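Below are the chains, spelled out letter by letter.
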Amino acid sequence: MDFNAAVSFVATHARVLERRLLHLLLGTGSPGDVVATLDAYRNPDGGYGWALEPDLRSATSQPVAAMHALEILAEIRDTNSRRPIELCDWLATHTLPDGGVPLALPYSDTAGSVSLWAQADATVSSLQMTAQIAAQAHRLARHRADVAGHPWLAGATPSPVISPGSRPTA
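Rules behind the numbers
Residues numbered from 1 in each chain as written. Predicted model: local features only at pLDDT ≥ 70, side-chain atom pairs only at ≥ 80, totals over all residues. Heavy atoms only, no water. Axes fitted to C-alpha atoms, helices over the stretch in contact; angles between N-to-C directions. Helix = DSSP H or I, 4+ residues; strand = E, 2+ residues; numbered from the N terminus. Contact = heavy atoms within 4.5 Å. Nonpolar A, V, L, I, M, F, W, Y, C, P; charged D, E, K, R; others polar. Buried < 20%, exposed > 50% of the residue type's maximum accessible area, 1.4 Å probe, protein only. Lys, Arg positive; Asp, Glu negative; His and termini not counted. Salt bridge = Lys/Arg side-chain N within 4 Å of Asp/Glu carboxyl O. Polar contact = N/O pair within 3.5 Å; in protein donor to acceptor, adjacent residues only side chain to side chain. Patch = residues over 30% accessible without salt bridge, like charges linked within 9 Å, V, L, I, M, F, W, Y side chains within 5 Å. Areas by Shrake-Rupley, 256 points an atom, 1.4 Å probe, with all protein chains shown as cover. Core = buried A, V, L, I, M, F, W, Y, C linked by side-chain atoms within 4.5 Å. Parallel < 35°, antiparallel > 145°, perpendicular 65-115°, else oblique.

Colleague: Before we go on, may I ask you to explain the packing of helix α1 (residues 3–13) against helix α2 (residues 16–26) in this structure?
Modeller: How two helices sit against one another is set out by the angle between their axes and by the gap between those axes. Closest axis-to-axis distance for the α1/α2 pair is 9 Å, and the angle between their directions is 145°. Mapping the contact onto sequence places Phe 3, Val 7, Val 10 and Ala 11 in α1 and Glu 18, Arg 19, Leu 22 and Leu 26 in α2. For the contact of α1 with α2, the class distribution of residues is six nonpolar, no polar and two charged.

Colleague: Is there a simple way to think about the side chain of Glu 53 in this case?
Modeller: Structurally, the position occupied by Glu 53 is in the loop between α3 (31–38) and α4 (63–75). Despite its burial, Glu 53 pairs with no opposite charge, the nearest such side chain being Arg 15 at 7.8 Å. Reaching out from Glu 53, the side chain makes a polar contact with the backbone nitrogen of Asp 55 at a distance of 3.0 Å. A polar side-chain atom of Glu 53 sits 2.8 Å from a polar atom in the side chain of His 68.

Colleague: Help me out: how do you make sense of a nonpolar patch on the surface in this one?
Modeller: Together, Met 1, Phe 3, Leu 25 and Leu 26 line one region of the surface with nonpolar side chains, adding up to about 530 Å² of accessible area. Within the fold, Phe 3 resides in helix α1.

Colleague: For this particular structure, what's the right way to read the nonpolar core?
Modeller: One recurring pattern in soluble globular proteins is that nonpolar side chains are buried together. Counting residues in hydrophobic clusters, the biggest one holds 39 residues, and the most contacted among them are Leu 38, Tyr 48, Leu 52, Leu 91, Trp 117, Ile 133 and Trp 152. For this core, the elements supplying multiple residues, two or more each, are α3, α4, α5 (83–93), α7 (127–141) and α9 (151–156). With nine residues, the single largest contributor to this core is α4. Apart from the residues within four sequence positions on either side, Ile 133 is in contact with Pro 63, Met 67, Leu 70, Leu 91, Val 101 and Trp 152.

Colleague: Looking at this model, I keep getting lost on the pattern of salt bridges. Mind explaining?
Modeller: It is possible for side chains of opposite charge to pair when their charged atoms get near one another. Following the criterion strictly, the structure yields six salt bridges and no others. One salt bridge connects Arg 42 with Glu 86, and the closest N-O pair in it is separated by 2.1 Å. You can see Arg 42 sitting in the loop between α3 and α4 and its partner Glu 86 sitting in helix α5, a full 44 residues away along the chain. On the accessibility criterion, Arg 42 (25% relative accessible area) is partly exposed. Judged by its relative accessible area of 26%, Glu 86 is partly exposed.

Colleague: Would you explain the environment of Ala 66 in this entry?
Modeller: Within the secondary structure, Ala 66 is located in helix α4. The buried category is assigned to Ala 66, whose relative accessible area is 0%. Along the primary structure Ala 66 and Gly 47 are separated by 19 residues, whereas in three dimensions their C-alpha atoms are 6.4 Å apart. Leaving out residues up to four positions away in the same chain, Ala 66 has contacts with Leu 87, Trp 90 and Leu 91.

Colleague: How should the packing of α3 against α4 be read in this particular structure?
Modeller: Closest axis-to-axis distance for the α3/α4 pair is 10 Å, and the angle between their directions is 170°. Relative to α4, the element α3 is oriented roughly antiparallel. Contacts between α3 and α4 involve Val 34, Val 35 and Leu 38 from the first element and Ala 69, Ile 72 and Leu 73 from the second.

Right under this line is the structure:
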């Protein structure tokens, strides 16, 4: 692998967020730099939007942007900021009665977004989206007890009930 070519590619084609992640990986940046850059995608409601998911260009907070934000926070092992808890709180407000989140929430600034997002049914839980968000939250929960114990994560990933002496089935 041509490491210098990879660094050059990121420098010329990536967003500032990916550049900050690369600087962290190379030892020339900090987790705080990454969080500060991620904050540009953050909304006052605690969610994330602003094309954090490049195929969903809306400014509104969206589940897929929550997934990406948690992925980044897990990657940098964010143990200091309030962002993950605020994001789990945001997710809790958009969780449907069955414990899942929709693929996307309604939004009107659809220009530049893939139709999959604009046409999503916000009244139906998406197992895929819920599982992806929960997976990233669990990655971060390895380093943060407050995320591990957050009610949204517990509701999104309930433990199976196994009675003593029984065996789980495949």
